[in-house]
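# Observations on the model geometry
In case you want the letters, here they are:
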Amino acid sequence: MSGIVVVGAQWGDEGKGKIVDVFAAKADMVVRYQGGANAGHTLVVNGKKTVLHLIPSGILHPERTCVIGPGVVVDVESLLQEIQMLKASGYLQNPKQLLLSESCSIILPYHKALDAAREKALSDQKIGTTGKGIGPAYEDRAARRAIVFGDLYDLENLRSKLELALHEKNSLLEKVYGAPTFKVKDLVQQLQQCAEELAPYRCKDVSALVHKQIKTGRRVLFEGAQGTLLDVLHGTYPYVTSSSTIAGSACTGTGIGPTSISKVLGIFKAYTTRVGSGPFPTELQNQVGEKLQKEGHEFGSTTGRPRRCGWLDLPALKYSIRLNGMTNLALMKLDVLTGHEKIGVCTGYKLNGELLTEFPCSSYELEKVEPVIEYLAGWKEDITQITALKDLPRATTNYIDFVGNQIGTPIDVISVGPGREQTLWVKPLFA
Ligand code: IMP
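Nothing here was measured: the structure is a model prediction, and the numbers come from that model.

What counts, and where the lines are drawn
Within any chain, residue numbers begin from 1 and follow the written order of that chain's sequence. Local features in this predicted model are restricted to residues of pLDDT 70 or higher, and side-chain atom pairs are both shown and tallied only at a pLDDT of 80 or more, whereas totals for entire chains, interfaces and linings draw on every residue. Side-chain descriptors were evaluated using all non-hydrogen atoms of the structure, hydrogens and water having been removed beforehand. Helix and strand labels come from DSSP, where a helix needs a run of H or I of at least four residues and a strand needs a run of E of at least two; each type is numbered from the N terminus. Burial status follows relative accessibility: with a 1.4 Å probe on protein chains alone, a residue under 20% of its type maximum counts as buried, one over 50% as exposed, and anything between as partly exposed. Contacts between residues were defined by any pair of non-hydrogen atoms, one from each residue, lying within 4.5 Å. Note on areas: Shrake-Rupley with a 1.4 Å probe; residue coverage comes only from the protein chains shown. Here Asp and Glu are counted as negative and Lys and Arg as positive; His is not counted, and neither are the chain ends. All charge positions are set by atom: Lys at NZ, Arg at CZ, Asp at CG, Glu at CD. For this purpose, a residue is taken to be near a molecule or strand whenever a single non-hydrogen atom of the residue falls within 4 Å of it. Contacts described as polar in this section are N or O atom pairs within 3.5 Å, which, within protein, must combine one atom able to donate a hydrogen with one able to accept it, while residues neighboring in sequence count only if both atoms come from side chains. With a 1 Å grid spanning the protein atoms alone, the term cavity applies to any set of points in which a 1.4 Å probe fits but cannot get out, the term pocket to an open set with protein on both sides within 12 Å along at least five of seven lines, and the term lining residue to any residue with an atom within 4 Å of a point. Occupancy of a cavity or pocket is assigned to a molecule whenever over half of its atoms lie within 2 Å of that pocket's grid points. Polar here means any residue other than Ala, Val, Leu, Ile, Met, Phe, Trp, Tyr, Cys and Pro, which are nonpolar, and Asp, Glu, Lys and Arg, which are charged; Gly is therefore polar. Note that the domain bounds were set by an automatic or database domain assignment. Between Lys or Arg on one side and Asp or Glu on the other, a salt bridge is scored when a side-chain nitrogen of the former is within 4 Å of a carboxyl oxygen of the latter. Strand pairing is assigned whenever DSSP identifies at least 2 bridges connecting the two strands. By definition, the buried area sums, over both parts, the 1.4 Å-probe accessible area that each loses when the two are put together.

## Structural notes on the overall build of the chain
If you tally the helices and strands in the chain, you get twelve helices and 19 strands. Put simply, the chain has 431 residues, and 56% of those count as buried. Summarising the internal contacts of the chain: among those between residues at least 6 apart in sequence, 76% fall at separations of at least 24. Total accessible area computed for the chain in this model is approximately 18,500 Å², and 51% of it derives from carbon and sulfur atoms. Taken together, the 48 basic and 45 acidic charged side chains of the chain have centroids lying 3 Å from each other.

## Re the site of the ligand
Surrounding the ligand, one finds 15 residues, the nearest of these being Asp 13, Asn 38, Thr 130, Thr 241 and Arg 305. Within the side chain of Asp 13, an N or O atom sits 3.1 Å from a nitrogen atom of the ligand. Within the side chain of Thr 130, a nitrogen or oxygen atom sits 2.6 Å from an oxygen atom of the ligand. Within the complex, 96% of the 470 Å² of free accessible area of the ligand lies under protein. With respect to the pocket detection grid, the ligand is positioned in the largest pocket. Among the residues forming the shell around the ligand, the class breakdown is six nonpolar, seven polar and two charged. Counting contributing residues, the shell around the ligand receives three or more from each of domain 1 (3-95 + 204-425) and domain 2 (105-201).

## Brief notes about the pattern of salt bridges
A full pass over the atoms with the stated rule returns 21 salt bridges. With a closest N to O distance of 2.8 Å, Asp 140 and Lys 169 form a salt bridge. Placement of Asp 140 in helix α4 (residues 134-142) and of Lys 169 in helix α5 (residues 155-176) is noted, with a sequence separation of 29 residues between them. On the basis of relative accessible area, Asp 140 is assigned to the buried category, the value being 1%. With relative accessibility at 2%, the residue Lys 169 sits in the buried group. For Glu 298, the salt bridge goes to Lys 333, with nearest N and O atoms at 2.9 Å.

## Things to note about the pairing of strand β10 (residues 220-223)
Neither face of β10 is open: one carries Val 220 and Phe 222, the other Leu 221 and Glu 223, and all of them are buried. Summarising the sheet, strand β2 (residues 29-32) and β10 pair through four bridges and their orientation is parallel. In the sheet register, Arg 32 faces β10, and the bridge partner there is Glu 223.

## Considering the domain arrangement of the chain
Domain annotation of the chain identifies domain 1 (3-95 + 204-425) and domain 2 (105-201). For domain 1 and domain 2, the distance between their C-alpha centroids amounts to 29 Å. Taken together, the 30 residues of domain 1 in the interface contact 23 residues of domain 2. Here domain 1 and domain 2 share an interface that buries about 2,100 Å² over both sides, 62% of which is from carbon and sulfur atoms. Among the residues of domain 1 in contact with domain 2, Val 73, Val 76 and Leu 80 are the three that bury the most area, contributing 26% of the side total.

As C-alpha cells, this is what we get:
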C-alpha cells in the first residue's frame, strides 16, 4: 500500500500545493480527485511563483505523472490556459505527463452563469462561492445529466446532451434569474476546439491506472482541494463547497478502495483563514487579523478576495483529524506568526455558559459559540532562513509543542516560507 492522501484540515488554502510539490520529488504519480478550478495551489520554485487550479501540484517535476480523476469537475478552457502557462514556463513538455479522466464532469458556461445568478439572488445570505460553476456542475452529476470529458469526442451525443441541458438551463436563467441564455451551436463549437487541444491527455480508466501503480508498490500522492471544513457533508453547511473534500473522497473520486491508502497527511496553517461566508469562531476583525492577512498574503489565489483571518482553532483541527483519519500533519506558514507579542490558540468554545471541547457539526451552533483562547509567548526572530529544527527560537518550539500535545497526532513537517527549501522535517514521510 503506497497511497498517501494530502488533505486540508481547515477551510482551504492551507498550503497543500507546496507540500504536494515537495513530496512529488519522491512520488511516482500525483492525482487530483475532487473540486475544480475553485482551487488555487501556489508553488514557489527558485523564487518563481506558479499558481495551479486544476493540474496536480506534481507537474513541476517532469518525471511525475499527474492525473485528474473522475471526481474533479473540469473547466476545459481554464485547463487549456493552465497547460499553456506551464508549457510557456518550460514545464509539461511531454503530454504523457498529464492525464485527464474521460469520466470527469465538464463545467460549461451555463454552470458559471447559474452560480453567479444564484449568489446574486441570495444577496446577503450568499455562500460567497468562487463563481467557477462548481455547485451547478456537481448538481448535474448527481442529477445524471452531466456532460463528461469523453462526450466531447462524440459529436452527435454531445449535441443531443447539450440540447437537453439547455432546454432546462436556459429556462432557469431567463425565467427565474433574468440572465442571458446560451445556444447549442456556440457551445458545440467552443467544446470541439477544446477537445482537439485536449486529445493528447485523454485517459479512459483512471481507476485501473492508479490501481496498477499502487499494486506494484509505486508511490501515489492524492492531492485534495479546499479543506475539511468546506466538505459538503461534514463541513460548515451550507457554507461549504459542493464536493466531498475529506480523505475518503480520494477513493471515490479516483476509483480505488480504502485499503489502498496507507497514510493521510493533514495540512494546517499556524493560524486559520476562511474565504467566503460562514461561521468562523476565532476570526479576528481587528489589527491582529489584519497583520496576519498582510504578512500571510492572505488573498485568494483564484478570486483575489481577502481571506478572513483568526487564531488556530484546535477543536476544529481535532475534528478534521477524526474525519480524515489523519496519521501525520504538516504545520504551515509558521513564519507568519513572527512579530506577535502573544499568540492565541483556541482550545474550546463556550455555548450558553457551557464549555465545549468538540467542534459542533451544526453551523447554527458554531455561529453562536465564543472561543476560549489560550495565549502563548510570541517571538521576534526571523525564522524563514532556518534549516534545522534545533535553531528555532524557544518560543516557537513551545508553540509547536503546545499544539502537538493538544492534538496527539504527530507533526512531521513544518513550513517556514513558501519555497521548497523552507521546509523543516521532523520525520520523513517516505522511509
Ligand atoms: P465554490 O466551491 O466556488 O462553490 O465555493 C463555496 C465555498 O468554498 C466558498 O466559501 C468559497 O470561498 C470556498 N472555496 C472554494 N474553493 C476554495 C479554495 O480552494 N480555498 C478556500 N476556499 C474555497
